[in-house]
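Coordinate inspection notes
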Amino acid sequence: MKLVFCWFREGGRWLFGQWAPLLKGFKKYFNSYGGLSAIFRSPYFQASLLLTIFLDGWWSDMSSKWFEYPEKILPSLLGLTLSGYAIWLGVSDDEFRKRLASHKPKGSDESLFVILNASYVHFIIVQAVALIFSLGCHEVIKLEGGFWVESVRYIYFGLSFLLFIYSIFLTLTIVMTLFRYSTWYDKWLSRNNIKNKP
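Predicted model only: the values in this text are computed from it and were never measured. (Residues numbered from 1 in each chain as written. Predicted model: local features only at pLDDT ≥ 70, side-chain atom pairs only at ≥ 80, totals over all residues. Heavy atoms only, no water.)

So, the overall build of the protein chain
Within the protein chain, the secondary structure is distributed over 9 helices and 0 strands. What you see in the protein chain, going N to C, is helices and strands ordered as α-α-α-α-α-α-α-α-α. Per-residue burial over the protein chain gives 31% buried out of 198 residues. The long-range fraction of contacts in the protein chain, counting pairs at least 24 apart against all pairs at least 6 apart in sequence, stands at 77%. Of the roughly 13200 Å² that the protein chain leaves accessible, carbon and sulfur atoms contribute 69%. (Helix = DSSP H or I, 4+ residues; strand = E, 2+ residues; numbered from the N terminus. Buried < 20%, exposed > 50% of the residue type's maximum accessible area, 1.4 Å probe, protein only. Contact = heavy atoms within 4.5 Å. Areas by Shrake-Rupley, 256 points an atom, 1.4 Å probe, with all protein chains shown as cover.)

Given below as structure tokens:
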């Protein structure tokens with residue numbers, strides 16, 4: 001019996017050993033982003049919620065097949081996001097990134113560098129989850145049953161649509177983050193040029 005228990009324990013480590021670091025990474029990102037309060041206080045999330053409520057007649061209609069739109073739009077948007085992330089990491093120099101990494105805004109445990117990266121990671125995660133949810137709509141629409149099945153379908157479709165709209169609104173967030181970053185970089189370069197003049 002002891003041998004069987006040891007085998008399961010070691011096998012469990014082998015099978016599930018990657019979960020702990022993965023969950024730790026997600027927790028770090030989520031805390032760096034600001035948690036649920038940052039999401040719920042976001043004007044982009046609030047606008048997404050209002051638009052989801054306003055367009056209830058469209059996404060709750062089973063014949064509209066609205067969930068095919070995220071499947072067409074989100075992969076391109078995800079590619080654009082990853083390209084933008086590569087640009088953000090590659091454009092500035094190491095000194096500037098070190099400066100961002102050493103500066104912590106008031107009331108934050110994280111540096112500006114980590115906060116900016118968490119914004120990008122948030123955008124990518126929301127897009128990926130929205131795409132997964134929209135793919136799930138193909139199966140949810142096939143469910144048959146009474147009131148409870150209809151309720152589950154309505155909630156699932158509503159959440160899927162909210163994630164889709166939120167991922168589109170997050171595009172504005174990333175654009176504004178890049179713009180803010182470029183203004184910081186511009187100020188940093190102009191200060192360095194003034195200092196280097198004889």
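Details of the confidence of the model for the protein chain
Per-chain confidence: the protein chain averages 84 in pLDDT, with 89% of residues scoring 70 or above. Confidence, expressed as mean pLDDT per element, reaches its minimum in the protein chain at helix α1 (residues 2–16) with 58 and its maximum at helix α4 (residues 43–54) with 96. (pLDDT = per-residue confidence, 0-100.)

Overview of a nonpolar patch on the surface
Where nonpolar side chains cluster on the molecular surface, the patch consists of Phe16, Trp19, Leu22, Leu23 and Phe26 and spans about 540 Å² of accessible area. Looking at which element gives the most residues to the nonpolar patch, the answer is helix α2 (residues 19–33), with 4 residues. Mapped onto the elements, Trp19 comes out in helix α2. The partly exposed category is assigned to Trp19, whose relative accessible area is 46%. (Patch = residues over 30% accessible without salt bridge, like charges linked within 9 Å, V, L, I, M, F, W, Y side chains within 5 Å. Salt bridge = Lys/Arg side-chain N within 4 Å of Asp/Glu carboxyl O.)

Topic: the packing of helix α7 (residues 94–102) against helix α8 (residues 112–140)
Closest axis-to-axis distance for the α7/α8 pair is 5 Å, and the angle between their directions is 95°. It follows from the interaxial angle that α7 and α8 lie roughly perpendicular. Contact residues: Arg97, Leu100 and Ala101 in α7; Leu112, Phe113 and Leu116 in α8. For the contact of α7 with α8, the per-class residue count stands at 5 nonpolar, no polar and 1 charged. (Axes fitted to C-alpha atoms, helices over the stretch in contact; angles between N-to-C directions. Parallel < 35°, antiparallel > 145°, perpendicular 65-115°, else oblique. Nonpolar A, V, L, I, M, F, W, Y, C, P; charged D, E, K, R; others polar.)

Things to note about the environment of Ile174
Relative to the assigned elements, Ile174 resides in helix α9 (residues 147–196). For the pair Ile174 and His122, spaced 52 residues apart in sequence, the C-alpha to C-alpha distance is 9.9 Å. Here Ile174 is in contact with Ser119, Tyr120 and Phe123, once residues within four sequence places are set aside.

A word on the nonpolar core
Within the largest apolar cluster, 36 residues are counted, with the highest numbers of intra-cluster contacts made by Tyr33, Trp66, Trp88, Leu100, Phe157 and Tyr166. The biggest single contributor to this core is α9, with 12 residues. Leave out the neighbours within four places in its chain, and Trp88 touches Leu100, Phe113, Leu116, Asn117, Tyr120, Leu178 and Tyr181. (Core = buried A, V, L, I, M, F, W, Y, C linked by side-chain atoms within 4.5 Å.)

Focus on the layout of surface pockets
The volume enclosed by the largest pocket comes to roughly 430 Å³. Secondary structure elements with two or more residues in the lining of the largest pocket: α3 (35–41), α4, α8 and α9. Counting residues per element, the lining of the largest pocket draws most heavily on α9, at 6 residues. (1 Å grid on protein atoms, 1.4 Å probe; cavity = no way out; pocket = protein on both sides within 12 Å on 5 of 7 lines; lining within 4 Å. Points joined across faces, edges and corners; volume = space filled by probe spheres on them.)

Re the packing of aromatic side chains
Considering all chains together, one arrives at 16 aromatic pairs under this definition. Ring plane angle 55° and centroid distance 5.7 Å describe the contact between Trp58 and Tyr69, whose orientation is recorded as tilted. With Trp58 in helix α5 (residues 56–59) and Tyr69 in helix α6 (residues 68–91), this residue pair connects regions lying 11 residues apart in the sequence. When its relative accessible area of 42% is taken as the criterion, Tyr69 is described as partly exposed. Ring centres of Trp66 and Phe161 lie 5.2 Å apart, and the angle between their planes is 85°; on these two criteria the pair is classed as edge-to-face. Residue Trp66 is found in the loop between α5 and α6, and its partner Phe161 is found in helix α9; the two are separated by 95 residues along the sequence. Accessibility assignment for this pair places Trp66 and Phe161 in one class, buried. Taken together, the ring pairs in this structure connect Trp58, Trp59, Trp66, Phe67, Tyr69, Tyr154, Phe157, Phe161 and Phe164 into an aromatic cluster. (Phe/Tyr/Trp six-rings, centres within 6.5 Å; stacked < 30°, edge-to-face > 60°.)

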